[in-house]
Amino acid sequence: MPDWSPDLRPHLNSLRLTPEREADILEELSQHLDERWRALLASGESEADAERTVRSEARSATRLHGALAPLRQSRAAHAQLEWPGSQGPSEERLIVRIARRCAAELTWAWRGVRSRGWRAALVVALIGLALAGNVLVFAVADSVVFRPVTYPNAHELVEIQRVRQPGARADGFMSANLLDTWRQQTDLFASVHAYLTKTVFLVADGRSELVTTADVTPGLIEMLGARPGWGRSLTAADTSETGTIPALISARLARERYGRPEGALNHILETTAQALLVVGVMPDQFKFPSGTHAIWRVMDPRGPLTRNFAGVRSIARTVPGLTTDVLTERMAQRSGAVGQAAGAGEKYSAIPGLIPMADAGPPAAKVRTMFLTLVGGALFLLLTACANVANLEVAGAMHRARKFAVRLALGASPATLGRVVLLEGALLTTAGVAAGAGLAWLAVGVVTSYVPVGFTRFSVNPIDLDTRALLYMATIAMATWCVVSLPTVLYASSAHLLALLKSDDRSAAQSRRGAFVRRTLTVLEVAIAVILVVGGLLYTRSYLALLHVDKGFDSTNLAEIAFAIPVEYHDQPAEFSQFADEVVSRVRAVPGVLAAVQGSAPPSTGNSPFSGVGMEIDGRRLDRTFTVGDTPVDPAYFHVIGLTLRQGRWLEPGDVPTDVIVTESFARQFWPDGQAVGRTFRRLVGGNDLPSAPTGVGTAEGGKLGIVITKPVVPPSVVVGVVSEFRSTRPALSTDSPDALYYYTPSQPTPPAPPSQAPAVARAASTGGSWRFLNVTVRLDSPERAARVLEAARSVDRRLRVTMESVDAMYAEMFGDVLLATRITTGFSVVAMLVALVGIYGVMAYLVMSRRREIGVRMALGARPGDILRLVIASSARLVLVGIAIGTAVALGLARWTASQFFGVSAMAPGSYVMVALVVAAAALVATWHPARQAARVDPVRTLRSE
Amino acid sequence: MTDIDARLDRELKKGSAELIILSLLEARARHGYELSKLIDDRSKGQITFHIDSLYPLLYRLEERGWIAGTWVERAGERRRRFYKLTAEGRRVLTRQRKTWTTFVAAIAQLTGGEHA
């Protein structure tokens, strides 16, 4: 018997039948052909003739494929799916039936998704892009602006602060006695703890590494609601430990040193002072008091770790339900009694203050407005993306309604169809969310690697992929899906089958309201893209302008070398002086070093400018406070930097520490008459009446926390000269803090004494926590010399941490917030642009599809492909031009409002707007090109015949 | 046969195909070739079903639950797929038969020539 399958199989190809099903059909049809062959033989035909006839019949059965095709989907479903109401085999267990039904519905849904073709891909791309944009903006805004503190019930955490007089600066430091007395106020506070921020130099392989540290009382970490991820927490018994100090370290530090977190437990960490015993490791997400702290040492508020500090800082958790107003009132009432009980001599009023992390820090405040705008933009983008999804879905709704109607007629229940539609939505949304999460993950990685440290240092909430944001966005996307798709099912189940089958796509496409909605959406999308692209461009131009701003001196190849020196090293004045000289001479000896001098390069990092500094000018105390920075410098310093003398003289060898040179802005601020030389001033630390001098010993937060103060009243400084201005802060942005005022003192042969005044033999008893900077400014002949110079500096004392940074890089970091804004708005505008282009493409492609007949008629009447191309492009151009006009108008309005955010570029300059309009128009043309070409290729004969 | 004849024939066949199959299966279960042979014989060659029209129709009816196909094995023979009428199919057949009779009668009345 001949084998007929080679003749039959081609008809079954591409039907995507299961192998069993295909074999069944092949067998059945082959048997049919066998019978036919036998009948022909019986009628007297030869075997060869009979075979030829049957083969020819089999081959000509071309309608087989077409007739089987509509069956293939429902057939598979029918084979496995039991419609509600039909009786399944009784022996089949319920769970198996449900599983089968789910699998069948999922298969259906998957086929539904596949049948959408390019529309499905667009939906996934739209959801993905919009989600990624939103999640990224939320991730950064949540961390930097919205929710820097993530401790449980963070609103109950306060710092007990003291103000000596109304309006004065609050002081966070208090004595151990005072802390204990506040601790007894159990009706106000559930617990009160103390901490200090320090810096510890870990020593390994002979090198010291600066690690920001917090000394905490036992129980503080538990009060915050945290606990170690590995090992144990700090206990009261730990405070009486001698020899080593029990401490917790961060998981990151543990991984760096020991490979894995648990590997650090019970290890001894050598420091330049007392060694640490690691008793526990804190998980990555724990941050206190800021993100930079990596070691938490156990501290007794009366123990040695508080030596040299003006007390401890407090952090307290209030009893639940206590409002800030009540707390403030009661604390003020009890201040006197508590102070008396604690034996504090000074009078003060206690107030609840924000804990250090509650405020995301000054850099974040600058970008708050930008983030709020971006969050608004992100939500809008999500809405437009959802609208685009809706747009694409509505386009195919009529076709699907017909399909649903047929399925309903075949016995499927509306509930089943509803479930299948939801499953389709779930599949598309899941794919979109997966794509969005992937994109957002990449984007968050890129952004976090570029976010300036200043933004995240104070935030306890890391910038990461927020699952809540992702879920929230996915829910919105899914809800959009339901709103758009389920009505199709309802429509199909209520409408008359025949009426539905008769209707065609055009009736949906050409409904006036539908067309209006789609066009409005496209216009809005283009407008949003224009606004964001303008924003991105203005920020980019601002940043570029800031990078090229006149610094007031030549920063070419100028760099600063900074040594962080624990007070335990080079603690004898003469030794330190010798060390500094050695560094300068070794650096100078490196070929290519044009000049090297002790002193920090502007913007000053050596002795950070202090804010809130009170000033006494010519013996008269001023009412307000200032931001003042001072730098001890070598007389040659000014020549190396390139500042010019405006009044008086340069510093000379032999000048006393009270001889100072001030900058022009300093002179102008205090002596507006222009006669600064010979006048005197004194700094009053903290704006209070304690004229004293910071010793140059700082702590982690640039000296702002736990600064060590020496009591002797310093004599007033005398201005000997005024030098030209240099730019130390970001210019011309209204959100910026006022410029710091700088003055220079002659560097003295002997450095400030270490705070403990301890002789060398007492070094071993030092508790760490203090260091000095040695800054050397160098000018090189080319940037390539940097590595050699750094190596030369390092060779002087290999134990020390040395860093080198170019002055240009220091300035660039100062503009970090603008750079961040630039990156985010630019990235975001790209996403908005893509969404808009997808929108334009979708609308135009749909327009072409729905007007195919009209285009066919036009072509039949003599229109050429070029005319059709122009017709489609003109339709698109109208939408795009309206969008550009609206976007430009809104951007101009916003620019007037946000003009202060930009520098060196006018927010109203027409150039930017024209450029953006051209770019958007060109991109829109690209998006329209494909549909327009499709339209131009319409075959009038075929189109009209199919009608 | 003219073009119009051919088209009418096709349309008629299309409209009556389901009824024909259901009717032939009313008495007993039959396999595909048997059905095509029966149709050919009983219509004296006026109506023929090739494999590309017969089997898709059988599958469609099966899908609707009007007929049920099962593989039947007999000793010494190849297994064959037999189709039988389901209860639902029987109901559909009754309904279609009635509609058809009415339709044919109406057509006959309309096309049989006018009486005075």
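Here the structure is a predicted model, which is why all the values come from computation and not from measurement. (Residues numbered from 1 in each chain as written. Chains lettered and ligands numbered in written order. Predicted model: local features only at pLDDT ≥ 70, side-chain atom pairs only at ≥ 80, totals over all residues.)

### Examining the overall build of chain A
- Helix and strand counts for chain A stand at 28 helices and 24 strands.
- For chain A, the residues scored as buried account for 43% of the 947 residues in total.
- Within chain A, counting contacts between residues at least 6 apart in sequence, those at least 24 apart form 82% of the total. (Helix = DSSP H or I, 4+ residues; strand = E, 2+ residues; numbered from the N terminus. Buried ≥ 20, exposed ≤ 12 C-beta atoms within 10 Å, placed from the backbone. Contact = placed C-beta atoms within 7 Å.)

### Observations regarding the nonpolar core
Residues and elements named next belong to chain A.
- With 96 residues, the main nonpolar core has Val526 and Val530 as its most contacted residues.
- In terms of residue count, the dominant contributor to this core is helix α24 (residues 816-850) (19 residues).
- In terms of domain composition, this core takes at least three residues from each of domain 2 (103-148 + 362-503) and domain 4 (506-549 + 809-947).
- In this structure, Val530 is in contact with Gly883, Ile884, Gly887, Thr888, Ala891, Val916 and Val920, ignoring residues within four places of it in sequence. (Core = buried A, V, L, I, M, F, W, Y, C linked by C-beta atoms within 7 Å. Domains from an automatic or database assignment.)

### Considering the sheet that holds strand β2 (residues 67-72) of chain B
All names here are of chain B.
- Strand order in the open sheet formed by three strands is β1-β3-β2, and the pairing between neighbours is antiparallel. A single partner strand is all that each edge strand has here, and the edge strands are β1 (30-31) and β2.
- Bridge analysis of β2 against strand β3 (residues 80-85) gives six bridges, and the strand direction is antiparallel. Note on β3: the bridge partner recorded for Ile67 is Leu85. (Pairing = 2+ DSSP bridges.)

### As for the sheet that holds strand β24 (residues 801-806) of chain A
Residues and elements named next belong to chain A.
- Taking strand neighbours across the sheet as the criterion, the four strands line up as β13-β23-β12-β24 in an open arrangement whose pairing is antiparallel. With partners counted over all chains shown, the strands left at the sheet margins are β13 (593-598) and β24, one partner each. Taken pair by pair, the neighbouring strands of this sheet meet at an average axis angle of 20 degrees, ignoring direction.
- Sheet topology note: the β13/strand β23 (residues 771-780) ladder contains five bridges and is antiparallel. The partner of Gln598 across the bridge, within β23, is Val776.
- Set on the sheet, helix α22 (residues 786-794) makes contact with β12 (558-566), β13, β23 and β24; between it and β24 the angle comes to about 155 degrees. (Axes fitted to C-alpha atoms, helices over the stretch in contact; angles between N-to-C directions.)

### Examining the interface of chain B and chain A
- Listed as interface residues are 15 residues of chain B and, on the opposing side, 17 residues of chain A.
- Contributions of two or more residues to the side of chain B that touches chain A are made by α2 (32-42), α3 (51-64) and β3 of chain B.
- The element that contributes the greatest number of residues to the side of chain B that touches chain A is α3 of chain B, accounting for nine residues.
- Counted by class, the side of chain B that touches chain A contains five nonpolar, three polar and seven charged residues. (Nonpolar A, V, L, I, M, F, W, Y, C, P; charged D, E, K, R; others polar.)

### A closer look at α2 of chain B
Residues and elements named next belong to chain B.
- Here α2 has its buried residues at Gly32, Tyr33, Leu35 and Ser36. Mapping the buried residues of α2 onto a view down its axis gives an arc of 160 degrees, with all of them on the same face. Within α2, the exposed residues directed more than 90 degrees away from the buried face are Asp41 and Arg42.
- Two residues or fewer past α2, Lys44 is found with a positive phi of approximately 55 degrees. (Arc of directions from axis to C-beta.)

### Focus on helix α9 (residues 251-258) of chain A
Residues and elements named next belong to chain A.
- What α9 keeps buried is the set Ala251, Leu253 and Ala254. On an axial view of α9, the arc spanned by its buried residues comes to 160 degrees, and they lie on one face.
- Following α9 by one or two positions, Gly259 adopts a phi angle in the positive range, close to 85 degrees.

### Quick word on unusual backbone geometry
- Cis rather than trans, the peptide bond between Phe288 of chain A and Pro289 of chain A has omega equal to -15 degrees.
- One non-glycine residue, Asn266 of chain A, lies in positive phi territory at about 65 degrees.
- On the basis of neighbour counts, which here come to 9 C-beta atoms within 10 Å, the residue Asn266 of chain A falls in the exposed class.
- One non-glycine residue, Lys44 of chain B, adopts positive backbone phi at about 55 degrees.
- Among the residues examined, Lys44 of chain B registers 7 C-beta atoms within 10 Å and is labelled exposed.

### Some remarks on the environment of Lys37 of chain B
- Within the element layout of this structure, Lys37 of chain B appears in helix α2.
- Separated by twelve residues in the primary sequence, Lys37 of chain B and Phe49 of chain B have C-alpha atoms spaced 8.7 Å apart.

### Focus: the environment of Thr306 of chain A
Residue and element names in this part refer to chain A.
- Inspection of the secondary structure puts Thr306 in the loop between β9 (295-298) and β10 (312-318).
- Here Thr306 falls in the buried class, since 22 other C-beta atoms lie within 10 Å of it.
- In sequence terms Thr306 and Tyr195 are 111 residues apart; their C-alpha atoms lie 9.3 Å from each other.
- Sequence-distant contacts of Thr306, defined by excluding residues within four places in its chain, comprise Leu196, Met299, Pro301 and Val312.

### As for the packing of helix α1 (residues 5-12) of chain A against helix α2 (residues 19-42) of chain A
All names here are of chain A.
- Put simply, α1 and α2 touch, their axes get as near as 10 Å, and they point 135 degrees apart. In this view, α1 runs oblique relative to α2, as classed from their interaxial angle. As for the relative orientation of α1 and α2, their crossing is right-handed in sense. The residues of α2 that touch α1, namely those facing Ser5, Leu8, Arg9 and Leu12, are Glu22, Ile25, Leu26, Leu29 and Ser30.
- Of the residues assigned to the contact of α1 with α2, the class counts are five nonpolar, two polar and two charged. (Parallel < 35°, antiparallel > 145°, perpendicular 65-115°, else oblique. Left-handed = near helix turned anticlockwise from the far one by under 90°.)

### Remarks on the packing of α2 of chain A against helix α3 (residues 47-59) of chain A
Residues and elements named next belong to chain A.
- Between α2 and α3, whose axes approach to 9 Å, the crossing angle comes to 145 degrees. Pair α2 / α3 crosses with right-handed handedness. Judged by residue contacts, Leu33, Arg36, Trp37, Leu40 and Leu41 of α2 engage Glu47, Ala50, Glu51, Thr53, Val54 and Ala58 from α3.
- Across the contact of α2 with α3, the residue classes tally to seven nonpolar, one polar and three charged.

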